[in-house]
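Residue-level structural notes
In case you want the letters, here they are:
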Amino acid sequence: WSWRSATASSSCITVAASPTALTFSQTQGASLPAAQNLTLTSTPAGAGPTYTATIGQQTGGDWLQLGSTTGSANGGTIAVSIKQNSLAPGTYTANISLAIQNALTSTITVPVSYTVVAAQTISVSATSLTFNYQVGQAVPAPQTFRVTASTGSATFTVGTTSSTGWLVSDTANGATPKDVSISINPTGLSAGQYSGTITVASNSITSGPLTIPVTLNIAVAVVPAPTTVTNNASNVTGVIAPGEILTIKGTNLGPTTGATYTVGAGGTLATSLSGVRVLFDNIPGIPLFVRADQINVIAPWEIAGRLQVNLVVELQGIQSTAAVLRVEDSAPGIYTLGSTGIGQAAVVNQSGTINGTGANNTTPAAQGSTVLVYITGGGVTSPAGTTNLVSPLTTLQRLSGTVSVTVNGQPATVVFAGASPGQVGGLVQLNVTLPRGVTGSALPIAVTVNGRTSPSGPTIAIQ
């Protein structure tokens, strides 16, 4: 007799097994792989040998089973299958031993390999999404989450569920990894809280779909409510002048966190800041600072010649009730170091130091020296200022009105009165030569433009 792999013989009869090896694979948790048949044939064909089948040692446990263990080795078939199991991902091996009974007994060994593949899963980077929207304001920006697979790439679909379809996805289907952008469309929705759901599913994944709850909070429209309008320097209410820098106090005037203007190309200034505009008879001013409780704004030069204007604060398109303000050709106010309109005036000495009594590195001015005094509300200039531009550096814009200054009631000499070069419109610079024989640490200083005098309170130090 003779023997070779997967073949046994006795006398002139040989037996072969087909296939000579079996391979099974399965994704963990998925359906078991289909059974495979192991077929025995004898040569020459005809009645003769029989077999007895046994399973040798299995790595990983008991996972292999046989449909029959004895039968004819002449065309006999053995169903080989995988038992239900909880094996971890990996490759496991076993052998099927076939003992052939004929004149002589020989054994055929059929190796079996079983591979368990880790189950592919998808995951999303967000557990929930929340959008907050205020009626009349800008729709909140889209929010993004990422869909990934545990292994390789998996296709998926995205669905949204919401009343009136306010929940919108930019992706209906895709393959991992992919970012999905979610936005809202609040059109037609009233104030309140709304709930929606995002569903992410994949046909190639054994686990169920993933859901992301979405909450939309809609608040009622907030109407700006200005209460006072004052000169930015003196903090005094009253008439306003073209180009004057004003301070508006109130509620719901702008964003919670304050925003400050920037100068654009060519020295340009924007008429809107963080969604805030201030309109003077529908002519936009230049907002310099905006916050929920305060706005600093330059009144447009275009209101010159009017007796009054309607001032309206606009936040994200929602307008306040109009405040009626009387307009004069001037309304001077002197800036102070404490920004209160009272106390040490914002004055630069001829030496370049800040005027004061010695505190905080300030020094008094010398008698007869020329100092710079800063005010607002000086009125129109010649050449005329442009509302949305800073004051030029090369062309001096002088106040058109008559300007005078007194210190402690004594007249000072005004050398120059006009727009401060390179600064925002409405900031007026006075070059003033101080009188001699007047000294003191807190001498009252007043500015008069076209007969209108600045409010009392600012002082200057002279030695």
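See the structure printed just above.
The following refers to the structure shown. (Residues numbered from 1 in each chain as written. Predicted model: local features only at pLDDT ≥ 70, side-chain atom pairs only at ≥ 80, totals over all residues. Heavy atoms only, no water.)

**Section: the nonpolar core**
- Residues Trp63, Val80, Ile96 and Leu98 are the most contacted members of the largest nonpolar core, which totals 26 residues.
- Those elements that place two or more of their residues in this core are strand S2 (13–18), strand S3 (22–27), strand S4 (36–43), strand S5 (50–55), strand S6 (64–66), strand S8 (77–82), strand S9 (90–101) and strand S10 (105–117).
- Those residues in contact with Val80, other than ones at most four positions away along the chain, are Leu22, Phe24, Ala35, Gln36, Leu38, Leu64, Gln65, Leu66 and Ile96. (Core = buried A, V, L, I, M, F, W, Y, C linked by side-chain atoms within 4.5 Å. Buried < 20%, exposed > 50% of the residue type's maximum accessible area, 1.4 Å probe, protein only. Helix = DSSP H or I, 4+ residues; strand = E, 2+ residues; numbered from the N terminus. Contact = heavy atoms within 4.5 Å.)

**Topic: the packing of aromatic side chains**
- Applying the stated criterion across every chain, the model contains two aromatic pairs.
- The interplanar angle of 35° and the centroid separation of 5.2 Å between the aromatic rings of Trp63 and Tyr114 together place this pair among those described as tilted. Of this pair, Trp63 sits in the loop between S5 and S6 while Tyr114 is found in strand S10, placing the two residues 51 residues apart along the sequence.
- Residue Trp63 is classed as buried on the basis of its relative accessible area of 1%. (Phe/Tyr/Trp six-rings, centres within 6.5 Å; stacked < 30°, edge-to-face > 60°.)

**As for empty space enclosed by the protein**
- Evaluation of the coordinates by the stated rule reveals one cavity of 30 Å³ or more.
- The calculated volume of the largest cavity comes to roughly 60 Å³.
- Residue lining of the largest cavity: 14 residues in total, with Trp301, Gly379, Thr381, Gly426 and Val428 positioned closest to the centre.
- Classifying every residue of the lining of the largest cavity by side-chain character gives six nonpolar, seven polar and one charged. (1 Å grid on protein atoms, 1.4 Å probe; cavity = no way out; pocket = protein on both sides within 12 Å on 5 of 7 lines; lining within 4 Å. Points joined across faces, edges and corners; volume = space filled by probe spheres on them. Nonpolar A, V, L, I, M, F, W, Y, C, P; charged D, E, K, R; others polar.)

**Remarks on the pattern of salt bridges**
- What the rule picks out here adds up to six salt bridges.
- Glu314 serves as the salt-bridge partner of Arg277, at 2.9 Å between the closest nitrogen and oxygen. In this pair, Arg277 is assigned in strand S23 (residues 276–280) and Glu314 in strand S27 (residues 308–315), connecting sequence segments 37 residues apart.
- Looking at Glu314, the relative accessible area reads 11%, which means it is buried.
- Put simply, Asp293 and Arg291 hold a salt bridge, and the shortest N to O gap is 2.7 Å.
- By relative accessible area, Asp293 is classed as partly exposed at 35%.
- Residue classification places Arg291 among the partly exposed positions, given a relative accessible area of 28%. (Salt bridge = Lys/Arg side-chain N within 4 Å of Asp/Glu carboxyl O.)

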